[in-house]
Amino acid sequence: MPAGKLRLLYEAGPLAFLAEQAGGYASDGRRRILDIEPQSLHERTPLFIGNRDLVLKAEEYIRKDG
């Protein structure tokens, strides 16, 4: 899977936090964004964010492809 465009610490993380507080879910396609430990300051990640069921469905499709 490509590295993605959004920075984990400054963009994806805060958006994931807000989405989950509102009842949604955020993933990099394999795991929950808020569970990822950054390895570098400007680490980039893909981001799937929104309705929990739809994001989990996207993860399922990615697992089948990858």
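Residues numbered from 1 in each chain as written. Predicted model: local features only at pLDDT ≥ 70, side-chain atom pairs only at ≥ 80, totals over all residues. Heavy atoms only, no water.

Peer 1: Could you give an account of the overall build of the protein, naming the residues involved and the relevant values?
Peer 2: What the protein contains, in helices and strands, is 2 helices and 4 strands. The C-alpha atoms of the protein give a radius of gyration of 11 Å, which matches the 11 Å a tight globule of 66 residues would have. Considering only C-alpha atoms, the protein reaches an extent of 30 × 30 × 15 Å along its principal axes. Counting only contacts in the protein whose residues sit at least 6 apart along the sequence, the fraction spanning at least 24 positions is 57%. On the protein, the mean spot of the 10 positive side-chain charges and the mean spot of the 10 negative ones are 3 Å from each other. (Helix = DSSP H or I, 4+ residues; strand = E, 2+ residues; numbered from the N terminus. Rg over C-alpha atoms; globule rule 2.2 N^0.38 Å. Contact = heavy atoms within 4.5 Å. Lys, Arg positive; Asp, Glu negative; His and termini not counted. Charge placed at Lys NZ, Arg CZ, Asp CG, Glu CD.)

Peer 1: Explain the confidence of the model for the protein to me, and be specific about the residues and the numbers.
Peer 2: Atomic detail in the predicted coordinates should be set aside for any region of low pLDDT. Mean pLDDT over the protein stands at 94; residues scoring 70 or higher make up 97%. Looking across the protein, the model is least confident in helix 2 (residues 52–65), with a mean pLDDT of 94, and most confident in strand 2 (residues 25–27), with 98. (pLDDT = per-residue confidence, 0-100.)

Peer 1: Explain helix 1 (residues 8–21) to me, and be specific about the residues and the numbers.
Peer 2: Turning to helix 1, its buried residues are Leu-8, Ala-12, Gly-13, Ala-16, Ala-19 and Glu-20. In a view along the axis of helix 1, the buried residues occupy a sector of 130°, so they form one face of it. Along helix 1, the residues that are exposed and aim more than 90 degrees away from the buried face are Leu-18 and Gln-21. Residues of helix 1 that are buried in the fold lie against strand 1 (6–7), strand 2, strand 3 (44–45) and strand 4 (48–50). Looking one or two residues beyond helix 1, the residue adopting positive phi is Gly-23, at roughly 100°. (Buried < 20%, exposed > 50% of the residue type's maximum accessible area, 1.4 Å probe, protein only. Arc of directions from axis to C-beta.)

Peer 1: Could you give me a rundown of the side chain of Thr-45, with the residues and numbers involved?
Peer 2: Positionally, Thr-45 belongs in strand 3. The residues touching Thr-45, leaving out its near neighbours within four places in the chain, are Ala-3, Gly-4, Lys-5, Leu-6, Leu-8, Ala-12, Asp-28, Ile-33 and Ile-36.

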